[in-house]
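Below, each chain spelled out in residue letters.
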Amino acid sequence: MPHDAVESVLDELYTTPPGRFVARREELAAAARTEGRTDDARRIHAARRPTLAAWAANLLLRSRPEESRQFLELGRALREAYRTLDAAGLKELSGERRRIVSVLSRQAAQLAREAGHGLSDAARQEVESTLRAVLADPDAADRWASGRLGGALTPPADFEAARLPGVSRKPARRTAAPPSASARADELAERRRQRRQQQLDRAREAAERAAQRLREKRAEQSVAEARLTDAERQLDRSREMLRRAERERQRAAEQHAAAGEALARAEREAREAAERADRLAADS
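Keep in mind that what you see is a predicted model, and the values were worked out from it rather than measured.

### Let's talk about a negative patch on the surface
Inference 1: A contiguous patch of negative charge, built from E269, E272, E275 and D278, is present on the exposed surface.
Inference 2: Its place among the elements puts D278 in helix 10 (residues 182-283).

In structure tokens form, the structure reads like this:
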């Protein structure tokens, strides 16, 4: 089996619900061994069953590729912004971050529910923790992007602290610039301010793109649900019409049978009457 094909098998395995993971893993490993692909079988067998929250996060990545790509881009922009923004900028970005994480965690819970596995409150919190870690930590982002998480991820503590009310980073201690350097210091401060503003704008744009994509997907889902409801109503109406038609057919069949019996009796009575007439005519 080519390398890419083995990777596809592992991708599929990590979107298999945890309750069926082991059986599916052994089935795929056995198939590889039967075909003589011992290295592939060893890799497949080494896969470890994910927790329910990790599986939901994997399912979100695979089922919502465009939103996931934008979420990863947002994480890169936020990490850069968190290194340079002041307290006001951090507060604004933290609000966007919480909103996007909340929306995506609801999508993950919905996907899990549609796959037959509802998430508990604890599992839902683990999904949210994983998504926050993806935004905060490039290593966590890479792990989630692989689609093969085995357990929930935890964001770094310093990134979490940055979003708490009243918490801001201490400015770096600066030495007083000599009077002759004041113009250069002002220019440097202005460049830094512009750079922070650009980073904030990029982060906002990335957040808005992700939010817009999520709104579009929710609208598409609403349309699909409406169509499904309409189709179910039509199906119910068709079933009722079929039941009425069946009842009419049954009544017509009963009437047809009764008419056939009446016709047979009339024919028999006619024959008997004709036979009596013939006998009377012969006797006279």
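### Overview of the packing of aromatic side chains
In this description, a pair of aromatic rings is defined by centroid distance and the angle of the planes.
Inference 1: Under the criterion given, the structure shown has 2 aromatic pairs.
Inference 2: Judged by centre distance (5.5 Å) and plane angle (65°), the rings of Y14 and F21 are edge-to-face. There is no split in this pair, since Y14 and F21 are both buried.
Inference 3: Centre to centre, the rings of F71 and W144 are 5.9 Å apart; their planes meet at 80°, and the pair counts as edge-to-face. Highlighted residues: F71 in helix 5 (residues 65-84) and W144 in helix 8 (residues 138-145), separated in sequence by 73 residues.
Inference 4: For F71, a relative accessible area of 0% translates into the label buried.

### Describing the nonpolar core
Inference 1: The biggest cluster of nonpolar side chains holds 35 residues, and the ones touching the most others in it are A56, L60, F71, L119, V127, L131 and W144.
Inference 2: Broken down by secondary-structure element, the contributors of at least two residues to this core are helix 4 (52-63), helix 5, helix 6 (87-114), helix 7 (121-136) and helix 8.
Inference 3: If you look at the next biggest cluster of nonpolar residues, it comprises 12 residues, including L13, Y14, A29 and A47.

### Some words on the pattern of salt bridges
Inference 1: This model, assessed by the stated rule, comprises 17 salt bridges.
Inference 2: Here R69 makes a salt bridge to E73, at a shortest N to O gap of 2.4 Å. In this pair, R69 and E73 both sit in helix 5, 4 residues apart, roughly one turn of the helix.
Inference 3: Residue classification places R69 among the partly exposed positions, given a relative accessible area of 38%.
Inference 4: Judged by relative accessible area, E73 falls into the partly exposed class, the value being 25%.
Inference 5: With a closest N to O distance of 2.7 Å, E240 and R243 form a salt bridge. Taken as a pair, E240 and R243 lie in helix 10 at a separation of 3 residues, close to a single helical turn.
Inference 6: For R243, a relative accessible area of 44% translates into the label partly exposed.
Inference 7: Several salt bridges share partner residues, and in doing so they unite E7, D11, R43, R62 and R148 into one network.

### Digging into the packing of helix 5 against helix 8
Inference 1: Following both chains from N to C, one finds helix 5 and helix 8 inclined at 175°, their axes separated by 11 Å at the closest point. It follows that helix 5 is roughly antiparallel to helix 8 by the angle criterion. Counting all contacts with helix 5, which are made through S68, F71, L72 and R79, the residues of helix 8 involved are P138, A141, W144 and A145.
Inference 2: Each residue belonging to the contact of helix 5 with helix 8 can be placed in one class, and the counts come to 6 nonpolar, 1 polar and 1 charged.

### Points about helix 7
What sets the pattern is the α-helix's 3.6 residues per turn: residues three or four places apart point alike.
Inference 1: The terminal C-alpha atoms of helix 7 lie 23 Å apart, and with 16 residues this matches the ideal 22 Å at 1.5 Å per residue to within 8%.
Inference 2: When helix 7 is considered as a whole, its buried residues turn out to be A123, V127, S129, T130, L131, A133, V134, L135 and A136.

### Digging into the confidence of the model for the protein chain
Inference 1: Averaged over every residue, the pLDDT of the protein chain is 80; residues scoring 70 or more account for 75%.
Inference 2: Note on residues 161-182: pLDDT under 50 across the span, and 15 contacts to partners over four residues away in sequence or across chains.

### Some words on the side chain of Q70
Inference 1: Inspection of the secondary structure puts Q70 in helix 5.
Inference 2: The buried category is assigned to Q70, whose relative accessible area is 8%.
Inference 3: In this structure Q70 touches R209, A210 and R213, once residues within four positions along its chain are discounted.

### Focus: helix 4
Inference 1: For helix 4, spanning 12 residues, the distance from its first C-alpha to its last is 16 Å, which sits close to the expected 16 Å at 1.5 Å a residue.
Inference 2: Most of helix 4 sits inside the fold, with 9 of its 12 residues counted as buried.
Inference 3: Within the span of helix 4, buried status applies to A53, A54, W55, A56, A57, N58, L59, L60 and L61.

Calculation notes
- Residues numbered from 1 in each chain as written.
- Predicted model: local features only at pLDDT ≥ 70, side-chain atom pairs only at ≥ 80, totals over all residues.
- Heavy atoms only, no water.
- Patch = residues over 30% accessible without salt bridge, like charges linked within 9 Å, V, L, I, M, F, W, Y side chains within 5 Å.
- Areas by Shrake-Rupley, 256 points an atom, 1.4 Å probe, with all protein chains shown as cover.
- Salt bridge = Lys/Arg side-chain N within 4 Å of Asp/Glu carboxyl O.
- Lys, Arg positive; Asp, Glu negative; His and termini not counted.
- Charge placed at Lys NZ, Arg CZ, Asp CG, Glu CD.
- Helix = DSSP H or I, 4+ residues; strand = E, 2+ residues; numbered from the N terminus.
- Phe/Tyr/Trp six-rings, centres within 6.5 Å; stacked < 30°, edge-to-face > 60°.
- Buried < 20%, exposed > 50% of the residue type's maximum accessible area, 1.4 Å probe, protein only.
- Core = buried A, V, L, I, M, F, W, Y, C linked by side-chain atoms within 4.5 Å.
- Axes fitted to C-alpha atoms, helices over the stretch in contact; angles between N-to-C directions.
- Parallel < 35°, antiparallel > 145°, perpendicular 65-115°, else oblique.
- Contact = heavy atoms within 4.5 Å.
- Nonpolar A, V, L, I, M, F, W, Y, C, P; charged D, E, K, R; others polar.
- Expected span 1.5 Å × (residues − 1).
- pLDDT = per-residue confidence, 0-100.

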